[in-house]
Amino acid sequence: NGARDRQSTTARSEASKPRFKGGSLGVSNLDMSYGDLDVLKQVTLAIKPGTVTCIIGPSGSGKSTLLRCINRLVEPKGGDVRIDGESILAMKPEKLRRRVGMVFQHFNLFPDHTALENVMLALTKIKGLPKAEAERIAHARLTDVGLEARSHHRPSRLSGGQQQRVAIARALAMDPEVILFDEVTSALDPELVKGVLNLLADLGQRGMTMVVVTHEMGFARKVADQVVFMDEGRVVEVGTPSSIFDHPQSSRLKRFLAEVL
Ligand code: ADP
Ligand code: MG
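Residues numbered from 1 in each chain as written. Chains lettered and ligands numbered in written order. Predicted model: local features only at pLDDT ≥ 70, side-chain atom pairs only at ≥ 80, totals over all residues. Heavy atoms only, no water.

A.B. asks: How should I be thinking about the environment of His106 in this particular structure?
C.D. replies: Positionally, His106 belongs in the loop between strand S6 (100-103) and helix H4 (115-125). For the pair formed by His106 and Asp182, sequence separation is 76 residues and the distance between their alpha carbons is 9.4 Å. (Helix = DSSP H or I, 4+ residues; strand = E, 2+ residues; numbered from the N terminus.)

A.B. asks: Explain the nonpolar core to me, please; I cannot follow it from the model alone.
C.D. replies: Counting 54 residues, the largest nonpolar core has Ile56, Ile168, Phe181 and Leu203 as its most contacted members. The residues contacting Phe181, other than those within four sequence positions of it, are Leu67, Val103, Ile168, Leu200, Leu203, Met210, Val211, Val212 and Val213. The next biggest cluster of nonpolar side chains, apart from the first, holds 27 residues, and it includes Val27, Leu67, Leu96 and Val211. (Core = buried A, V, L, I, M, F, W, Y, C linked by side-chain atoms within 4.5 Å. Buried < 20%, exposed > 50% of the residue type's maximum accessible area, 1.4 Å probe, protein only. Contact = heavy atoms within 4.5 Å.)

A.B. asks: When you look at unusual backbone geometry in this model, what are you seeing that I'm missing?
C.D. replies: One can expect most non-glycine residues to show negative phi and most peptide bonds to be in trans. Of note, Asn108 is a non-glycine position whose phi angle comes to about 55°, a positive value. Structurally, Asn108 can be placed in the loop between S6 and H4. Among the residues examined, Asn108 registers a relative accessible area of 41% and is labelled partly exposed. Here the phi dihedral of Glu183 falls at roughly 50°; this positive angle occurs in a residue that is not glycine.

A.B. asks: Explain the confidence of the model for the chain here, please?
C.D. replies: Detailed reading of the predicted model is not advised wherever pLDDT is low. For the chain, mean pLDDT is 93; residues scoring 70 or higher make up 94% of the total. The low-confidence segment residues 1-14, where pLDDT is below 50, has 20 contacts with residues more than four positions distant or belonging to other chains. Scored as a whole, the predicted complex attains pTM 0.93, and scored at its interfaces, ipTM 0.98. (pLDDT = per-residue confidence, 0-100.)

A.B. asks: I'm lost on the packing of aromatic side chains in this one. Help?
C.D. replies: Aromatic rings in a pair are described by how distant their centres are and how their planes are angled relative to each other. Taken as a whole and judged by the stated rule, the model has one aromatic pair. Here Phe229 and Phe256 contribute two aromatic rings whose centre-to-centre distance is 5.3 Å and whose plane-to-plane angle is 35°, an arrangement assigned as tilted. One end of the pair, Phe229, is in strand S9 (residues 226-231); the other, Phe256, is in helix H10 (residues 251-260), and 27 residues separate them in sequence. As far as the burial class goes, Phe229 and Phe256 line up, both buried. (Phe/Tyr/Trp six-rings, centres within 6.5 Å; stacked < 30°, edge-to-face > 60°.)

A.B. asks: Would you mind going over the sheet that holds strand S4 (residues 78-83) with me for this structure?
C.D. replies: In sheet architecture, strand pairing relies on hydrogen bonds along the backbone and comes in two forms, parallel and antiparallel. As summarised here, the arrangement of the four strands in space is S2-S1-S4-S5, forming an open sheet in which the pairing is antiparallel. Unpaired on one side and paired on the other, strand S2 (37-47) and strand S5 (86-87) mark the two borders of the sheet. Alignment of S4 against S5, held across two bridges, turns out to be antiparallel. Each bridged residue has a counterpart across the sheet, and for Ile83 the counterpart in S5 is Glu86. Contacting strand S1 (25-34), S2 and S4, helix H2 (residues 63-70) runs over the sheet at an angle of about 115° to S1. (Pairing = 2+ DSSP bridges. Axes fitted to C-alpha atoms, helices over the stretch in contact; angles between N-to-C directions.)

A.B. asks: I'm lost on the sheet that holds strand S3 (residues 52-56) in this one. Help?
C.D. replies: Taken in spatial order, the six strands make up an open sheet running S6-S7-S8-S3-S9-S10, and their pairing is mixed. The sheet is open, and its two borders are formed by S6 and strand S10 (234-239), each paired with just one other strand. On average, each strand axis in the sheet is inclined to that of its neighbour by 20°, with strand direction left out of account. Two strands pair when backbone bridges link them, and S3 and S9 are joined in this way by four bridges, in the parallel orientation. Residue pairing in the sheet places Thr53 in a bridge with Gln226 of S9. Packed onto the sheet, H2 meets S3, S6, strand S7 (178-182), strand S8 (209-213) and S9 and runs at close to 150° relative to S7. Sheet contacts for helix H6 (residues 160-173): S6 and S7; angle to S6, the most-contacted strand, approximately 175°.

Now the structure itself:
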């Protein structure tokens, strides 16, 4: 779309950066409950390869639970999730971890390991790569997120924004087809938010398939190919940024936008 074309002309050294091979993601009739509480109700989404989908909605509407189901951190009660047509329900956990990356609000880095080691760990542990190969990839991904110079720092010596970049480099290192981002800027100091959002936009430009739960409506409007509005465990509206933000249909979305914009 127009917004993304405009961006690509302004992005720096676009040509020198590797392209990602984003996969498709299909969610169909997903149901999930915590005990008696139905948290996801018949959630269906179609996400094309190399696109950015932003999920917005009030707190408690099931956004995090949806991401957790896609990555099978929790088990759905019904329905299916498919990565490039292949159901995650039939996939071995290690394979799913390789194909779908996740980045959280609170980074979840190992405090006693350096940035480089944090990125290397999944490569040696999950992918089973030899150490030298893992180190080469980790350096490359830290360079991708602009943190090469901080490779040997521990998380405590990095800013929140830098820690989040390490977490993103760690997700990228697995060479996933899809990356899920759950409010990755919500814990950051305000002046660090923009840098991380610019990095996400850059990954989207380079073809990664991304599902981004966010409260940053400006980001969703500018970067998303598709915006999904969830409320009370349901997908209430799906559309382009312009249809969601400028022409909301449901009273629930209108009310939500009136509160956040
Ligand atoms: P969101 O990310 O949109 O804020 P969540 O997916 O975190 O929403 O939560 C959806 C609902 O599920 C909320 O009512 C929340 O209280 C409930 N919930 C989330 N995690 C758990 C859990 N581990 N156990 C029980 N209830 C949970
Ligand atoms: Mg959440």
